[in-house]
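Survey of secondary and tertiary structure
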Protein chains: 2
Amino acid sequence: MQFHSEQRFDDGVLERQFTLGDINGILWTPPVAAPAPLILIGHPGGLDRMHSRLAARARHSAAQGFAGITIELPGAGDRPRLPAVDEARADLQRAVRAGEPVHDEIVERLVLPLVDQAVPEWRITLDAVQQQPEIADGPVGFAGGVLAIGVRMALVEPRVAAAVLFAGSYVPRVMFAEARQVTIPLHVLLQWDDEGNDRQLALDLFDAFGSKEKTLHANMGGHTGVPAFEADSGNRFFQRHLG
Amino acid sequence: MQFHSEQRFDDGVLERQFTLGDINGILWTPPVAAPAPLILIGHPGGLDRMHSRLAARARHSAAQGFAGITIELPGAGDRPRLPAVDEARADLQRAVRAGEPVHDEIVERLVLPLVDQAVPEWRITLDAVQQQPEIADGPVGFAGGVLAIGVRMALVEPRVAAAVLFAGSYVPRVMFAEARQVTIPLHVLLQWDDEGNDRQLALDLFDAFGSKEKTLHANMGGHTGVPAFEADSGNRFFQRHLG
């Protein structure tokens, strides 16, 4: 894990860009002496574009003592393109624009390769970052999108003890079998009027999760309109389960 | 408004039983000097049976400076029975036990008379209690069930500025037109596996509300299994809108 630039914010949070093999990402650590519990911060890809929003989320969590880390999505940012994924994304956007149903075949072509590549990268990153002295060993949280990546992480990575999932992207029906096996506490955010999302699919997925403790928070507005007070809700959820 | 018995809890909250004409109820006031903003606490009827749960909710809100008031439902407790409502309730329970669909005709016979009688009683109670020096004038909250009573109150009583609605009882489809006219901020609680409730109807009603700010919190478990952390969520909602 090689850090190559850093800045410290007014609130004392240290932000560092890093590379780890082919992976690049950002680590935020709170200004505390003890090793901080970690939240893996998911996003839809394009770290440069997402940077300020992700930093705001990380600093909000850091105020409650959490470190945060994010990595670039496969095929996004400066990483090598994934032409088949790009093609599937274009097909999906075409269907949504045309008001047509989004066939699961498209969703599978878009999402499964991302999940299959991103999840091992998250796990390698987790191995590496937990060797840093300022990061606590033990359970971590996952927060954000891509929804299907969160589902797979919740299922296969035992260190992920609780997840705030953003139901703002498609999950292929074939992954519902994985969702049914998830047992960790979940806090699912749904934007009720998300124009690029399938509300019924999100509700079906929430229903499918095997977790005994799962909460759905649905709010009005589009994809990027999650109310500010939900950041506090997420923090409280992680404090209950990682505290 | 005639108070006829009172007790003070360890936390300083004063609980007083009252009657107001044909209406009986309970008022909880926090141990503060300034007039307290008020929350109207709804419930499914049967004050004696509900007392300890309602007192717990009221004292939780009182810790944040809110007064709380509840009244007995028409036809419940020691109040005169409403035979037509009792008959409709029996019909509904029979349908649910038999696993049959609950026809809207039954829901209308059960819910509309309750709404038509309870809402004016709530408004008379509100007039009276806001004349008490320890209760603040101005906006109030509504919290709890019966869901349809909350919908009507949110629509017709201008002092109700925000509502935490418990989506745990049936609302006749004819009232969806009222729901569409509701514009106050709403915080809707849904128990995902509520055996005596219709989840899809609750989701449709949430969708129908005209409010720009509305949040749905869905949790696992049955009718009475609302997680303890939701009490804090409700308090924070009221602090944002009545604070």
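These lines cover the structure that appears in this document, whether it is placed above or below. In this numbering scheme, every chain counts its residues from 1 along its sequence in written order. In the order they appear in the text, chains get letters beginning with A and ligands get numbers beginning with 1. Only residues with pLDDT of at least 70 get local features here, since the model is predicted, and only at 80 or more are side-chain atom pairs given and counted; chain-wide, interface and lining totals rely on the full set of residues. The side-chain quantities take in all heavy atoms of the structure and omit both hydrogens and water.

A few points about the side chain of Ser211(B)
This is how the line gets drawn: Helix and strand assignments follow DSSP, with helices taken as H or I runs no shorter than four residues and strands as E runs no shorter than two, numbered in order from the N terminus. Burial classes: relative accessible area under 20% of the type maximum marks a residue as buried, over 50% as exposed, and values in between as partly exposed (1.4 Å probe, protein chains only). Whenever two N or O atoms come within 3.5 Å, that pair is a polar contact, provided that in protein one can donate a hydrogen and the other can accept it, and provided that, for residues adjacent in sequence, both atoms are side-chain atoms. The criterion used for residue contact is that any of the two residues' heavy atoms lie within 4.5 Å.
In this fold, Ser211(B) is placed in the loop between α6 (199-208) and β9 (214-219). Given a relative accessible area of 3%, Ser211(B) falls into the buried group. Within polar-contact distance, the side chain of Ser211(B) engages the backbone oxygen of Ile184(B) at 2.5 Å. Among all residues touching Ser211(B), those that are not within four sequence positions of it are Met220(A), Val182(B), Thr183(B), Ile184(B) and Leu186(B).

Concerning the pairing of strand β9 (residues 214-219) of chain A
Applicable threshold: Any two strands are treated as partners once DSSP identifies two or more bridges connecting them.
Across the six residues that make up β9(A), a large majority, six, are buried. Judged by which residues are buried, β9(A) turns out to be covered on both faces: Lys214(A), Leu216(A) and Ala218(A) on one side and Thr215(A), His217(A) and Asn219(A) on the other are all buried. Where strand β8 (residues 186-191) of chain A and β9(A) come together, six bridges link them in parallel fashion. Each bridged residue has a counterpart across the sheet, and for His187(A) the counterpart in β9(A) is Thr215(A). With five bridges connecting them, β9(A) and β9(B) associate as antiparallel partners.

With respect to the relation of the copies chain A and chain B
Selection rule: The copies were overlaid by least squares, fitting only the C-alpha atoms of residues that reach a pLDDT of 70 or more in each copy.
Take chain A, turn it by 180°, move it 0.0 Å along the axis, and it overlays chain B with an RMSD of 0.0 Å. Such a combination of turn and shift is consistent with a two-fold rotation axis. Residue His217(A) of chain A places its C-alpha closer to the rotation axis than any other residue of that unit, at 2.4 Å. Comparing interface residues between copies, 100% of those in chain A also lie at the interface in chain B; the contact surface is shared.

Brief notes about the packing of helix α2 (residues 83-97) of chain A against helix α3 (residues 104-129) of chain A
Residue and element names in this part refer to chain A. Note the threshold: The angle between two axes is taken between their N-to-C directions and runs from 0 to 180 degrees, where each axis is a line fitted to C-alpha atoms and a helix contributes only its stretch in contact. Convention used here: angles under 35 degrees read as roughly parallel, angles over 145 as roughly antiparallel, angles from 65 to 115 as roughly perpendicular, and any remaining angle as oblique. For a crossing to be left-handed, the near helix must be turned anticlockwise from the far one by less than a right angle; the clockwise case is right-handed.
At a minimum axis distance of 8 Å, the contact between α2 and α3 shows a crossing angle of 140°. Taken together, the axes of α2 and α3 are oblique relative to one another. Judged by the twist between their axes, the crossing of α2 over α3 is left-handed. Of the residues in α3, those in contact with Val85, Glu87, Ala88, Arg89, Asp91 and Leu92 of α2 are Ile106, Val107, Arg109, Leu110, Pro113 and Leu114.

Points about α6(B)
The complete set of buried residues in α6(B) reads Leu201(B), Ala202(B), Leu203(B), Leu205(B), Phe206(B) and Ala208(B). Looking at the buried residues of α6(B), the elements they touch are α6 (199-208) and β9 of chain A together with α4 (147-156), α5 (176-181), β8 (186-191) and β9 of chain B. N-cap assignment for α6(B): the residue whose side-chain oxygen lies 3.1 Å from the backbone N of Gln200(B) is Asp198(B).

Observations concerning the pattern of salt bridges
So the rule is basically this: By definition, a salt bridge exists where a carboxyl oxygen of Asp or Glu is found within 4 Å of a side-chain nitrogen of Lys or Arg.
Under the criterion given, the structure shown has 34 salt bridges over all chains. With a shortest N-O distance of 3.7 Å, Glu213(B) and Arg240(B) are connected by a salt bridge. Separated by 27 residues along the polypeptide, Glu213(B) in the loop between α6 and β9 and Arg240(B) in helix α7 (residues 229-242) bring together distant segments of the chain. Residue Glu213(B) is classed as partly exposed on the basis of its relative accessible area, which comes to 26%. Through salt bridges with shared partners, one network takes in Asp91(A), Arg94(A), Glu105(A) and Arg109(A).

Describing the side chain of Gln132(A)
Residues and elements named next belong to chain A. Assignment of secondary structure puts glutamine 132 in the loop between α3 and β6 (140-144). The class for glutamine 132 is buried, based on a relative accessible area of 16%. With sequence-adjacent residues up to four places away left out, glutamine 132 is seen in contact with Met1 and Phe3.

Here's the deal with the interface of chain A and chain B
The condition is simple: Buried area: the accessible surface (1.4 Å probe) lost by two parts on joining, summed over both.
Contacts between the two partners involve 19 residues from chain A, matched on the other side by 19 residues from chain B. For the chain A and chain B pair, buried surface summed over both sides reaches about 1,600 Å², with 57% attributable to carbon and sulfur atoms. Contact with chain B buries area across many residues of chain A, yet Trp192(A), Met220(A) and Phe229(A) alone supply 30% of it, more than any other trio. At the junction of chain A and chain B, the tally comes to two salt bridges.

As for the pairing of β8(A)
Residue and element names in this part refer to chain A. We apply this condition: Throughout, right-handed denotes a crossover for which the path from the first strand over the helix to the second runs clockwise when the strands point away from the viewer.
The buried count for β8 comes to six of six residues, which makes it a mostly enclosed element. Every second residue of β8 is oriented toward a common face, with Leu186, Val188 and Leu190 on one face and His187, Leu189 and Gln191 on the other, all of them buried. Examined bridge by bridge, strand β7 (residues 160-166) and β8 share four bridges and lie parallel to one another. Bridge pairing in β8 links leucine 165 to valine 188. The handedness of the β7 to β8 crossover, carried by helix α5 (residues 176-181), is right-handed.

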